[in-house]
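# Residue-level structure breakdown
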Amino acid sequence: MELKMTGEAESWIWICIATGVAIGWLIYMMRKKQKEEEEMESGVPRGSSGWPVIGETLDFIASGYTSRPVTFMEKRKSLGVKGGDSSTMAVVGCSGSPELEQWRRRADGVEIAFEVLVKLILSVGPGEEFNLLKKEFEEFTKGLICLPIKFPGTTLYKSLKAKERLSSMVGKMVGERKLSMEKREEKWLPNDAIDVLLGNADGAKQPLPSDFISGNLIEMMIPGEETVPTAITLAVKFLSDNPVALARLLEENLELKQQKISCCEDYSWTDYMSLPFTQNVISETLRLANIINAVWRKALKDVKIKGHLIPKGWCVLASFTSVHMDEENYENPYNFDPSRWEKVGLAVTSSTFTPFGGGQRLCPGLELSRLEISIFLHHLVTTYRWVAEKDEIVYFPTVKMKNKLPINIMPIEQNPLIQTKQN
Ligand code: HEM
């Protein structure tokens, strides 16, 4: 049987389709408006939840691959919460030790930073034990950002196994230290993070359980391992692109070096911290690089903040990048300009400068990081000249240089200050 459609029937079908689409669109718009009104009434921040399951993840990731990752946040600025001022800080100590002097002879920032970290946390220096710790730690950290699939052979599985071995190594060190402390009678000063956490240097504190201490020591190593080398690499990148800033940095550091040579003195922490322009270079690097670009917080109960409601169970992404790239906070925020800090004074942390977070979870590695970067820059600029290859910054999943910023480095043979002035 042959079915033939008359022109009239065909028109009716088109009218029905068009009416259906129009009604569907009307319902969608009405529901959207209703949702917005409900949100306005409840105080929940306005915006879209995006696609089912994946939400706005793809947009978020895509913005991380552009040179302006902050565009994602700029579109969603309705909340506009800024960091707080209060802070609780536990500083991991460090002195101007001879080990740090070895930086002069080393080139790989990640390697050096890990060495310093392990020395400060566990008092383990280069050698067999250090190599084993490093191997297990590297295997463990590979699983921090990976597919959540756990069976033999997968990254996550191998990472968890490495964490077990690492925990037992660190646990053993904590146990041994505890024993040797118990035998010691006289008062002593803590020498590393194990001593601090064992915590009874003055005999006053309640001891913490050993497995809690080893867990904390390992957790301390994770944020400390990548962050400082990344900051150092980005400082080198920004300085390579800004010869004027580099010349000022060199001048200030050469003055210190010449003073140390003429007085035959060793370097101390206060020497590095007293270099104002160097500290400004570090602040500007941390502001512009946004190594930890944001932190996540989950609301454990309904929270009211600046007139908005964050319902229980919601996650909030506090974007440090948005704060650091806001024109209201910084003039020409995308320019590397260390001298901008001369107007505001040395910034460690404030509501508009949050590279180390803020509040109760302020980074305990803040002082150590600034010190490590200062030492590195001091030896780099006063001992070498370099030419950086062309490279660009990527912001996802973490901030890094696309090609690891290869540099051609050469020792300075004559007085570099004179060379710079002649150039
Ligand atoms: C340039 C270098 C560094 C940057 C930019 C940085 C940044 C941060 C930020 C933003 C936080 C807060 C995270 C949050 O609020 O959830 C944090 C926490 C932390 N950082 Fe750092 N960090 C650096 C170096 C270090 C170093 C060298 C160490 C270890 C010695 C370290 C140890 C920690 C620890 C243990 C925490 C967790 C604190 C807590 O949850 O209470 N960081 N860091």
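If you're wondering where the values come from, they're calculated on a predicted model, not measured in any experiment.

### Regarding the environment of Ile 213
Counting through the fold element by element, Ile 213 comes out in helix H9 (residues 210-241). For Ile 213, a count of 24 C-beta atoms within 10 Å puts it in the buried group. Taking C-alpha positions, Ile 213 is 9.1 Å from Val 170, a pair spaced 43 residues apart along the chain. Those residues in contact with Ile 213, other than ones at most four positions away along the chain, are Val 174, Leu 197, Leu 198 and Leu 208.

### Points about the UniProt feature "binding site: heme" (unreviewed entry) in the protein chain
On the UniProt side, "binding site: heme" (unreviewed entry) is annotated at positions that read Cys 363 here. Residue placement: Cys 363 occurs in the loop between helix H14 (340-344) and helix H15 (366-383). Residue class for Cys 363 comes out buried when judged on the 20 C-beta atoms lying within 10 Å of it. Contacts of Cys 363, omitting those with residues within four sequence positions, involve Phe 356 and Gly 357.

### Side note on the nonpolar core
Counting 52 residues, the largest nonpolar core has Leu 217, Ala 231 and Ala 235 as its most contacted members. Elements that contribute at least two residues to this core include exactly helix H5 (109-122), helix H6 (128-142), helix H7 (155-183), helix H8 (193-198), H9, helix H10 (243-263), helix H12 (276-289) and H15. With 12 residues, H9 is the largest single contributor of residues to this core. In contact with Ala 231, other than residues within four places in its own chain, are Thr 285, Leu 286, Ala 289, Ile 291, Ser 369 and Ile 373.

Scoring rules and cut-offs
- Residues numbered from 1 in each chain as written.
- Predicted model: local features only at pLDDT ≥ 70, side-chain atom pairs only at ≥ 80, totals over all residues.
- Helix = DSSP H or I, 4+ residues; strand = E, 2+ residues; numbered from the N terminus.
- Buried ≥ 20, exposed ≤ 12 C-beta atoms within 10 Å, placed from the backbone.
- Contact = placed C-beta atoms within 7 Å.
- UniProt positions renumbered as here; feature names shortened; annotations may be inferred.
- Core = buried A, V, L, I, M, F, W, Y, C linked by C-beta atoms within 7 Å.

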